[in-house]
Amino acid sequence: MTKLEVKNLYKIFGATPNRVMERLKKGQSKKEILKETDHGIGVNNASFAVEEGEIFVVMGLSGSGKSTLIRCLNRLIEPTSGEVFIDNQNIMQCDKAQLREVRRKKIGMVFQNFALLPHRSIEENVAFGLEIQNQKLDDRMKKAHEALELVGLKGYEKSMPSELSGGMQQRVGLARALATNPDILLMDEAFSALDPLIRKEMQDELLSLQSKMQKTIIFITHDLDEALKIGDRIAIMKDGEIVQIGTPEEILKSPANDYVKEFVQGVNRVKVVTAGSIMKPADTLVYTKDGARVAVRKMKDANISSVFMVDKQKKIKGIITIEDTLKLINSGKDDLSEIIDRDINEVSPDTLIEDLIPLFMNSKYPVVVTDEEQTIKGIIFKVSVLAGIMGEEVVND
Amino acid sequence: MIRLPIGVYVEKGVDWLTIHWSSFFVGIKVGIESIINGFEFIYIGIPFVIMLALIAALAYVTAGKRTAIFSVAGCLLIKSIELWEMTMSTFALVTTATLIALLIGVPMGIWMSRSDRLNKYMRPVLDFMQTMPAFVYLIPAVYFFDLGPVPGAVATIIFAMPPIVRLTSLGIRQVPADVVEASRSFGATPKQMLFKVQIPLAMPTILAGLNQTIMLSLSMVVISAMIGSGGLGDVVLKGISQMKIGDGFEGGLAVVILAMILDRITQSIGKSKKQRVNK
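Residues numbered from 1 in each chain as written. Chains lettered and ligands numbered in written order. Predicted model: local features only at pLDDT ≥ 70, side-chain atom pairs only at ≥ 80, totals over all residues.

Trainee: Before we move on, can you summarise the overall build of chain B with the specific residues and values?
Mentor: A tally of helices and strands in chain B yields twelve helices and zero strands. Taken from the N to the C terminus, the helices and strands of chain B come in the order α-α-α-α-α-α-α-α-α-α-α-α. On C-alpha atoms alone, chain B measures out to a radius of gyration of 21 Å, which is about the 19 Å that the 2.2 N^0.38 rule sets for 279 residues. C-alpha extents for chain B along the principal axes are approximately 65 × 60 × 40 Å. (Helix = DSSP H or I, 4+ residues; strand = E, 2+ residues; numbered from the N terminus. Rg over C-alpha atoms; globule rule 2.2 N^0.38 Å.)

Trainee: I'd love a proper account of the packing of helix α16 (residues 353-361) of chain A against helix α17 (residues 382-390) of chain A, names of residues and values included.
Mentor: Residue and element names in this part refer to chain A. Between α16 and α17, the least distance of the axes is 11 Å, while the angle of their chain directions is 150 degrees. The angle between the axes of α16 and α17 places the two elements in the roughly antiparallel class. The hand of the α16/α17 crossing is left-handed. From α16, I353, L356, I357 and F360 reach across to α17, where they touch K382, V385, G388 and I389. Residue composition of the contact of α16 with α17, grouped by class: six nonpolar, one polar and one charged. (Axes fitted to C-alpha atoms, helices over the stretch in contact; angles between N-to-C directions. Parallel < 35°, antiparallel > 145°, perpendicular 65-115°, else oblique. Left-handed = near helix turned anticlockwise from the far one by under 90°. Contact = placed C-beta atoms within 7 Å. Nonpolar A, V, L, I, M, F, W, Y, C, P; charged D, E, K, R; others polar.)

Trainee: A description of the sheet that holds strand β7 (residues 184-188) of chain A should follow, citing residues and the corresponding values.
Mentor: All names here are of chain A. Strand order in the open sheet formed by six strands is β6-β7-β8-β3-β9-β10, and the pairing between neighbours is mixed. Strands with a single pairing partner mark the edges of an open sheet, and in this sheet they are β6 (107-110) and β10 (241-246). Ignoring strand direction, the axes of neighbouring strands in this sheet form an average angle of 15 degrees. Bridge count between strand β3 (residues 55-59) and strand β9 (residues 233-238): four bridges; the pairing is parallel. Across the sheet, M59 pairs through a bridge with I236, a residue of β9. Lying on the sheet, helix α3 (residues 66-73) is in contact with β3, β7, β8 (216-221) and β9; it crosses β8 at an angle near 155 degrees. (Pairing = 2+ DSSP bridges.)

Trainee: Outline the pairing of strand β13 (residues 316-321) of chain A, listing residues and values.
Mentor: Two elements, strand β12 (residues 306-310) of chain A and β13 of chain A, share five bridges in a ladder whose sense is antiparallel. Counterpart to F308 of chain A in the pairing with β13 of chain A is I319 of chain A.

Trainee: Any details on the sheet that holds β12 of chain A? Residues and values, ideally.
Mentor: Residue and element names in this part refer to chain A. What the three strands build is an open sheet, ordered β11-β12-β13; its pairing is mixed. Strands with a single pairing partner mark the edges of an open sheet, and in this sheet they are β11 (286-287) and β13. Packing against the sheet, helix α15 (residues 322-330) makes contact with β12 and β13, and its axis sits at approximately 75 degrees to β13.

Trainee: I'd like to hear about unusual backbone geometry, residue by residue, with values.
Mentor: What is expected of a backbone is that most residues other than glycine have negative phi and most peptide bonds are trans. A positive phi angle is found at F114 of chain A, which is not glycine, with a value near 70 degrees. For D146 of chain B, which is not glycine, the phi dihedral falls at a positive 60 degrees. If you trace the backbone, D146 of chain B turns up in the loop between α7 (134-145) and α8 (149-173). Overall, D146 of chain B belongs to the partly exposed group, with 14 C-beta atoms counted inside 10 Å. (Buried ≥ 20, exposed ≤ 12 C-beta atoms within 10 Å, placed from the backbone.)

Trainee: I'd like to hear about the interface of chain B and chain A, residue by residue, with values.
Mentor: Each partner contributes to the interface: chain B provides 17 residues, whereas chain A provides 18 residues. No other element matches helix α9 (residues 177-185) of chain B, which puts six residues into the side of chain B that touches chain A. Class assignment for the residues of the side of chain B that touches chain A results in eight nonpolar, five polar and four charged.

Trainee: I'd love a proper account of helix α7 (residues 137-150) of chain A, names of residues and values included.
Mentor: Residues and elements named next belong to chain A. If you check α7, its first and last C-alpha atoms are 20 Å apart, about what 14 residues at 1.5 Å a residue would give, namely 20 Å. When α7 is considered as a whole, its buried residues turn out to be R140, K143, A144, A147 and L148. Viewed end-on, α7 has its buried residues packed into an arc of 140 degrees, placing them on one side of the element. Summarising the geometry of α7, the exposed residues directed more than 90 degrees from the buried face are D138 and D139. The elements touched by buried residues of α7 are α5 (122-126), α6 (128-132) and α8 (166-179). The positive-phi residue at the C-terminal boundary of α7 is G152, with phi of around 80 degrees. (Expected span 1.5 Å × (residues − 1). Arc of directions from axis to C-beta.)

Trainee: How would you summarise the nonpolar core if you had to cite specific residues and measurements?
Mentor: Formed by 173 residues in total, the largest nonpolar core has its most connected members in V126, A175 and I218 of chain A. In terms of residue count, helix α10 (residues 190-223) of chain B provides more of this core than any other element does, 14 residues in total. For A175 of chain A, the contacting residues outside a window of four places in its chain are V126, A147, L148, L150, V151 and L153 of chain A. (Core = buried A, V, L, I, M, F, W, Y, C linked by C-beta atoms within 7 Å.)

Trainee: Lay out the environment of S169 of chain B in plain terms, naming residues and giving numbers.
Mentor: Counting through the fold element by element, S169 of chain B comes out in helix α8. As for S169 of chain B and M1 of chain B, which are separated by 168 residues in sequence, their C-alpha atoms are 41 Å apart.

Trainee: A description of the confidence of the model for chain B should follow, citing residues and the corresponding values.
Mentor: In this model, chain B carries an average pLDDT of 88, and 97% of its residues clear a pLDDT of 70 or more. Predicted complex metrics record ipTM = 0.75 and pTM = 0.77. (pLDDT = per-residue confidence, 0-100.)

Trainee: Please set out helix α2 (residues 22-45) of chain B residue by residue, giving values where relevant.
Mentor: All names here are of chain B. Taking 1.5 Å per residue as the helical rise, α2 with its 24 residues ought to reach 34 Å, and the 33 Å between its terminal C-alpha atoms agrees with that figure. Here α2 has its buried residues at I32, I36 and E40. Against α5 (84-114) and α8 lie the buried residues of α2.

Trainee: Let's hear about the pairing of β10 of chain A: which residues, and what values?
Mentor: Regular strands have side chains that alternate between both faces of the sheet. All names here are of chain A. As defined by bridge partners, β9 adjoins β10 across five bridges and the pair is classed as antiparallel. Considered in β10, the bridge of A235 is made with I245. Linking β9 to β10, which pair antiparallel, is a turn of two residues; within it D239 sits at a positive phi near 50 degrees.

Put into structure tokens, the structure is as follows:
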């Protein structure tokens, strides 16, 4: 179900944004417009839809308009034109009171520099959103304590923000956003101010929290690795425009243009590309009913030295090699089950290359990709793993 | 060179106001007078020993042991040179002027923090109020309110108000933008924002403004003895006019002691607020 939808959103900074809209629609670039009219383009015709329970990452370098875009969603920055729908309610048509209600109940926001209230204790900070809704002290403290426990800060209720480390302060920021139990979390470079180890820890924690909570999360970042790690889908922005939207793999495998291509060049594919996307179809298989001679012929036809064996439902049984099969025939036997090697590596399609590499180090056979029912989905050869790391298609066989 | 008759216009304006707005000024006069009298009645009415204990306790709680000891010693010294009642009457005037300056100045400062335009227009006005030689206020004050403590209080209010206005505005403007934005993102109304976020965070700066306003009031209250506001200023003035150096010095000393006690106490209130946030 679509939770949040943005249609043709524009934000132009300057004195007469509407006049500049015309130039923008005629196709003038951000640079030209800035030079000729002294207007800045924040967001240029952004459209996207975010599904319920999805982590949608907006990625771009500084000045790409990603922070402006996220602020347009709850109108902290007023868009110049366009529409924003949350649960099919048009946010652009809300009056002040309705907008406050949306901000209070539906959206929680986490900020890059935490933006905690320095004069309030941790629990008072977390309860802030509830306090604004005029909830009773007992209720809001109870909810604040629950939220703090969720982010692992139990015991720090009475501390002051300045007594906490950056990572802990951002946990408070997260707890504050969660305390009002919103459907949507807006996270603006939420982990960018943290040092790398803490950042990784927070990313893992967000993912594990998300698996429990199933919020709809819009996450802004300038860090591609972060985007690839936590994003279900990623939108890449440049000069206020969204240049590509897709899953991490789609973006890595088929960049929409040179900009994205250049961007993803340095990415550590080992952590992103999955078995499912580099596997080859299992064209040649022997079945449990097949005899040794059939197996030899199949291997010779396909010019391979070993072949996987499956049953009628294509469930994986094991692997046989050409040498063993020939020996079997020479000794006058025909039953392949005598020589089947059951010691093979099975992986699921969403296994990362990172986890495939060690499997090849300890085995001479290809890896077989199966689903939950052990049905064979495809085969991965060593060379496909290397190609997957390099980001190239294998055109051999 | 043409002589612009600014002085003549000011005189005419003041004349017009005294005639057409007389009931307005009488109203203000009665109001301020009763506040001053009220404070004076309380301060002088409370027995010296109890007052001493109260001051010591306040100084101890806000600023610590040393200030408490200094305050007690200072008050005893004032008592021994027989200027306690005069000091209390000056204190009543300072309290009144500061209170009214706060009541006008803080909302003004808040308003200025929200409007760049008002900020632009008010700044020269505040400069004018603060840098105009203090004596100049005494003349129109007497015109509108006769002689006595009321014109003294009015002149003091005008002279002492700029710091609290300026620093309230500054304090609110210095509240980090991301904190304000975060509050907005949670759906805070402008009023909630002001009272739950902006004013608490601006408080150390506002209190610094309060401290300056009190100090300026005290200096002005002494000058306003020239138009009969009484109190310690009167003692000093008599010392000057009758060439009694000793009396004048004693009066001045009492002013200094009062100033130091007020300064230390109000300053440490602001500091302790800051420390709690940054510790």
